[in-house]
2 protein chains.
Amino acid sequence: MSKILIFGHKNPDTDSIMSALLMEKFDKNLGFDVEAVRLGSINKETKYVLNYLGIKEPRLIEKVEDGAEVCLVDHNEFAQSVENIENAKITAVVDHHRICGFKTSEPLYYRAEPLGCTATIMYKKFIEEDMEIDKTTAIMMLSAIISDTLLFKSPTCTEEDKKIAKKLEEIAGINVSEYGLEMLKAGTDLSDLTAEELIKLDAKEIMLNDVKSQIAQVNTASISVMMERKDELEKAMKNTIDERELDVFVLLITDIIESNSQVIVLGKKSDIVEKAYGVILQDNTAFLPGIVSRKKQVVPILTQNA
Amino acid sequence: MSKILIFGHKNPDTDSIMSALLMEKFDKNLGFDVEAVRLGSINKETKYVLNYLGIKEPRLIEKVEDGAEVCLVDHNEFAQSVENIENAKITAVVDHHRICGFKTSEPLYYRAEPLGCTATIMYKKFIEEDMEIDKTTAIMMLSAIISDTLLFKSPTCTEEDKKIAKKLEEIAGINVSEYGLEMLKAGTDLSDLTAEELIKLDAKEIMLNDVKSQIAQVNTASISVMMERKDELEKAMKNTIDERELDVFVLLITDIIESNSQVIVLGKKSDIVEKAYGVILQDNTAFLPGIVSRKKQVVPILTQNA
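What you see as residue numbers is a count from 1 along each chain, following the sequence as written. Chain A is the first chain written and ligand 1 is the first ligand written, with later ones labelled in order. For this predicted model, a pLDDT threshold of at least 70 governs which residues receive local features, and a threshold of 80 or more governs which side-chain atom pairs are given and counted, while totals over whole chains, interfaces and linings are taken from all residues. In computing side-chain properties, one takes all heavy atoms of the structure into account and sets aside hydrogens as well as water.

*Asks:* Can you explain the overall build of chain A? Please cite residues and give values.
*Replies:* From N to C terminus, chain A includes 11 helices and 12 strands. Whereas a compact globule of 306 residues would reach a radius of gyration of roughly 19 Å, chain A reaches 19 Å, a difference of no more than 12%. Seen through its principal axes, chain A has C-alpha atoms that stretch 55 × 45 × 35 Å. For each residue, the accessible area found with a 1.4 Å probe, counting protein chains only, is set against the maximum for its type, and the residue is called buried under 20%, exposed over 50%, and partly exposed in between. Put simply, chain A has 306 residues, and 62% of those count as buried. Taking as baseline every contact in chain A between residues at least 6 positions apart, the subset at least 24 positions apart corresponds to 63%. Residue-level accessible areas treat just the shown protein chains as cover; the underlying method is Shrake-Rupley with a 1.4 Å probe. Carbon and sulfur atoms provide 47% of the accessible area of chain A, an area that totals close to 12700 Å². When charges are counted, Lys and Arg contribute as positive and Asp and Glu as negative, whereas His and the chain ends are disregarded. Charge positions come from single atoms, namely NZ of Lys, CZ of Arg, CG of Asp or CD of Glu. Both charge centroids of chain A, one from 37 positive and one from 52 negative side chains, sit 1 Å from each other. Helical segments are the DSSP runs of H or I of at least four residues, strand segments are the runs of E of at least two, and each set is numbered from the N terminus. Throughout, the radius of gyration refers to the C-alpha atoms, and the reference size of a globule is 2.2 Å times the residue count to the power 0.38. In what follows, residue pairs with any heavy atoms lying within 4.5 Å of each other are defined as contacts.

*Asks:* Would you mind going over the pairing of strand β10 (residues 248–255) of chain A in detail, with residue names and values included?
*Replies:* All names here are of chain A. With eight of its eight residues buried, β10 lies for the most part within the structure. Of the two faces of β10, the one lined by Val 248, Val 250, Leu 252 and Thr 254 and the one lined by Phe 249, Leu 251, Ile 253 and Asp 255 are each fully buried. Of the pairings in the sheet, the one linking strand β9 (residues 211–220) to β10 comprises eight bridges and is parallel in character. The partner of Ala 216 across the bridge, within β10, is Leu 251. In this scheme, strands are said to pair when DSSP sees at least two bridges between them.

*Asks:* Outline the pattern of salt bridges, supporting the account with residue identities and numerical values.
*Replies:* One side-chain nitrogen of Lys or Arg within 4 Å of one carboxyl oxygen of Asp or Glu is enough to make a salt bridge. Scanning the entire structure with this criterion turns up 38 salt bridges over all chains. Taking the shortest distance from any N to any O, the salt bridge between Asp189(A) and Lys44(A) comes out at 3.4 Å. Here Asp189(A), found in the loop between α6 (176–187) and α7 (195–200), pairs with Lys44(A), found in helix α2 (residues 44–53); they are 145 residues apart in sequence, far enough to count as distant. In this structure, Glu128(B) engages Arg111(B) in a salt bridge whose closest nitrogen and oxygen atoms are separated by 2.9 Å. Here Glu128(B), found in helix α3 (residues 118–128), pairs with Arg111(B), found in strand β7 (residues 109–112); they are 17 residues apart in sequence, far enough to count as distant. Given a relative accessible area of 33%, Glu128(B) falls into the partly exposed group. According to the relative accessible area criterion, Arg111(B) is buried, its value standing at 3%.

*Asks:* Describe the state of the cysteines, listing the residues and the values that go with them.
*Replies:* Two cysteine sulfurs form a disulfide in these notes if their separation is within 2.5 Å. According to the stated counting rule, one finds zero disulfides over all chains in the structure shown. Cysteine Cys100(A) is unpaired, with the sulfur of Cys100(B) as its nearest cysteine sulfur at 13 Å. The thiol of Cys157(A) is unpaired, and the distance to the nearest cysteine sulfur, on Cys117(A), comes to 8.9 Å.

*Asks:* Can you explain the interface of chain A and chain B? Please cite residues and give values.
*Replies:* Of the residues lining the interface, 23 residues belong to chain A; the matching set on chain B comes to 24 residues. By convention, the term buried area covers the 1.4 Å-probe accessible surface removed from two parts as they join, with the contributions of both added. Both sides together, the interface formed by chain A and chain B hides about 2200 Å², and carbon and sulfur atoms give 62% of it. Summed over the shared surface of chain A and chain B, the result is zero salt bridges. Any pair of N or O atoms that falls within 3.5 Å is considered a polar contact. Within protein, one atom must be able to donate a hydrogen and the other to accept it, and sequence-neighbouring residues count only if both atoms are side-chain atoms. The tally of links from chain A across to chain B stands at six residue pairs in polar contact (both at pLDDT 80 or more). Those elements that provide at least two residues to the side of chain A that touches chain B are β6 (100–103), β7 (109–112) and α11 (294–305) of chain A. Residues are grouped as follows: Ala, Val, Leu, Ile, Met, Phe, Trp, Tyr, Cys and Pro are nonpolar; Asp, Glu, Lys and Arg are charged; every other residue, Gly included, is polar. Here the side of chain A that touches chain B is built from residues that sort into 10 nonpolar, six polar and seven charged. Direction of pairing for β7(A) relative to β7(B): antiparallel, over a ladder of three bridges. What sits directly across from Tyr110(A), in β7(B), is Ala112(B).

*Asks:* Can you break down the environment of Gly267(A) residue by residue, with the values?
*Replies:* Residue and element names in this part refer to chain A. Topologically, Gly 267 is positioned in the loop between β11 (260–266) and α10 (271–277). Residue Gly 267 is classed as partly exposed on the basis of its relative accessible area of 29%. Taking C-alpha positions, Gly 267 is 30 Å from Leu 72, a pair spaced 195 residues apart along the chain. Each residue touching Gly 267, except ones within four places of it in the same chain, is listed here: Ile 241, Asp 247 and Val 248.

*Asks:* Lay out the sheet that holds strand β5 (residues 89–95) of chain A with the relevant residues and their values.
*Replies:* Overall, mixed pairing links the 12 strands, which are arranged β3(A)-β2(A)-β1(A)-β4(A)-β5(A)-β7(A)-β7(B)-β5(B)-β4(B)-β1(B)-β2(B)-β3(B) in an open sheet. Two strands lie at the open edges of the sheet, namely β3 (59–60) of chain A together with β3 (59–60) of chain B, each paired on one side alone. Summarising the sheet, strand β1 (residues 4–7) of chain B and strand β4 (residues 69–73) of chain B pair through three bridges and their orientation is parallel. Each residue of the ladder has a partner; that of Ile6(B), found in β4(B), is Cys71(B). Orientation is described by lines fitted to C-alpha atoms, with helices fitted over the stretch in contact, and by angles between N-to-C directions that extend from 0 to 180 degrees. Sheet strands in contact with helix α1 (residues 14–29) of chain B are β1, β2 (34–38), β4 and β5 (89–95) of chain B, and its direction is about 175° off that of β2(B).

*Asks:* Describe the sheet that holds strand β8 (residues 203–208) of chain B, with residues and values.
*Replies:* All names here are of chain B. Spatially, five strands are ordered β8-β9-β10-β11-β12 in an open sheet, and the strand pairing comes out mixed. Because the sheet does not close on itself, it has two edges, and the strands there are β8 and β12 (285–288). Between one strand axis and the next, the sheet turns by 25° as a mean value, whatever way the strands run. Sheet topology note: the strand β10 (residues 248–255)/strand β11 (residues 260–266) ladder contains seven bridges and is antiparallel. Each bridged residue has a counterpart across the sheet, and for Val 250 the counterpart in β11 is Val 265. Contacting β8, β9 (211–220), β10, β11 and β12, helix α9 (residues 230–244) crosses the sheet at an angle of about 50° to β11.

*Asks:* Help me get a handle on the environment of Glu65(B), residues and values and all.
*Replies:* Residue and element names in this part refer to chain B. With respect to the helices, strands and loops of the structure, Glu 65 is situated in the loop between β3 and β4. Classification of Glu 65 by relative accessible area gives exposed; the value is 63%. With residues near it in sequence (within four places) discarded, Glu 65 still touches Asn 84 and Asn 87.

*Asks:* Describe in detail the relation of the copies chain A and chain B, supporting the description with residues and values.
*Replies:* Between chain A and chain B, which share one sequence, the superposing operator has a rotation angle of 180° and an axial displacement of 0.0 Å; the RMSD is 0.0 Å. The transformation just described matches what one would write down for a two-fold rotation axis. Superposing the copies works by least squares over the C-alpha atoms of residues that have pLDDT at least 70 in both of them.

*Asks:* Can you explain the confidence of the model for chain A? Please cite residues and give values.
*Replies:* Summing up the model confidence of chain A, the mean pLDDT is 95 and the portion of residues at 70 or higher is 100%. Quick note on the complex model: pTM equals 0.86, ipTM equals 0.83. Per-residue confidence from the predictor is reported as pLDDT, a score between 0 and 100.

*Asks:* Residue-level account of the side chain of Gln262(A), with values.
*Replies:* Residue and element names in this part refer to chain A. The topology assignment puts Gln 262 in strand β11. By relative accessible area, which is 12% here, Gln 262 ends up buried. Engagement of the side chain of Gln 262 in a polar contact is seen with the backbone oxygen of Ala 286, the distance being 3.3 Å.

*Asks:* Tell me about the packing of aromatic side chains, residues and numbers included.
*Replies:* Centres within 6.5 Å are what make two rings of Phe, Tyr or Trp a pair, Trp counting through its six-membered ring; a difference in plane orientation under 30 degrees is then read as stacked, over 60 as edge-to-face, and the rest as tilted. With the rule as written, the count across this model stands at 13 aromatic pairs over all chains. Between the aromatic rings of Tyr52(A) and Tyr179(A), the centroid separation amounts to 4.9 Å while the plane-to-plane angle is 70°, which identifies the pairing as edge-to-face. One end of the pair, Tyr52(A), is in helix α2; the other, Tyr179(A), is in helix α6, with 127 residues separating them in the sequence. Relative accessible area serves as the criterion here: at 42%, Tyr52(A) is assigned to the partly exposed category. Each residue in the set Phe78(A), Phe102(A), Tyr110(A), Phe78(B), Phe102(B) and Tyr110(B) is aromatic and connected to the rest through ring pairs, giving one cluster.

Shown next, in the form of structure tokens:
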């Protein structure tokens, strides 16, 4: 039997990379033959964490073989997963997203909790198994929580995430606010990315009932700087709509300091965004005050209006 | 906000009833407003357990309101769940089956493990929360394990189920073999049931890829006694095929002493059973030595051949 591959979603964020590495550590401690891998390039925020800890980035894979044993972290929807996932044997899932059309022919280990990030669940798994959480492990978990909750400010952040982050802060021996802000800021340095790269940075293909959508998010310290590139962003979005035959492409440009988003929407189903938020798109764009979480503030409300 | 309803699958077995009651106890201990209910009549085996412990059977429900908050135990497929489940808000699932087409628009608590029964997972949840497992609770858990694993003989039974059953046996202070055999035998007293009732006793509607199937199981101490009723069973199966527009109806008559099954198969897709087991159905029936688990030895192999 070959190694079980562990990976997060396409266009991996810090939680997807850290949770894959944490799951690898967890499984190896239990004696399993596993390898954490990744489904896309490492973003600058995650790079900051890997550099900080001196950890090597996981190997990139493009697809899996028929019958390959895999463990999914931080996602479950096949459209967000590796190529050929339909023919893999999924042995385990650890996730914090909605479940949508997930399918196996045999029983498996599946653990999802409505928490701020997957690494918080990994923390609970370590504790339940009485596994040691060392300084490096604590910073890995903490980085994923900070990333997914935008330093505890996102509505996805739960009391449990905050409580666990407090415990991790003690083990890590770092100042979370300082470290977190540095880490988030490292992720907003996007000046050298092309528009194509920007819209793929944190993009998820999601079925909103029958509406095939792509919902991408870019974190920034200044919406207006990002909006200067609106024309090239729209061109890249249009190409993706054609390639993937999307009904709608939603790009959230999220101000991580002020906790607001500017949205750019293209595609024949753009009206679902207007209906969902009671806004009129002007020149394909609208300002959504207080909206920062795709999972909690975008996907459910768009699904209701699709 | 009204009560969260907790229930197992339609045609409930001992694990579905016990796990709903265990989850109710667990959630109430944590201060939640919940009620265990059931989606069908209580079978004789489960009745034996309820009588033994002096526990009242949960209330029967037929459907749920739009937006009702529900917790599913021992199942996740909507075809096996309550009427109108599509419009309920599923807050949690605890299960040990394959996941097939499960769908929510928001994140939820989902815990599945490939163990012998749901109550084994409930045991782990009690332990993780440092909740007391008293004698009654232990016998509830033990009864579900015995039922789903046919006294540890089914291939679905894992080392973990056995280990946990040992611990529960100590708390319960009963002889598991004696108690278990009495309990299972109580369930095989089916002489007063009509053929219609027999085929509904433990029936699940399952999509085998695109093949709409019903797979029912009857436990018996004598296959030949049950086969004397073959004609009336087939008549009842045919009616169900017409009513539910099934492609195939598979009835497993399982000898719980010898661990074999006789299968009766009707419907236009009967050939998938022949392909799956390399048998020829004679007069719609075949003997399947060693086959006792629908979940482990029937659903996956039929799916592969559908």
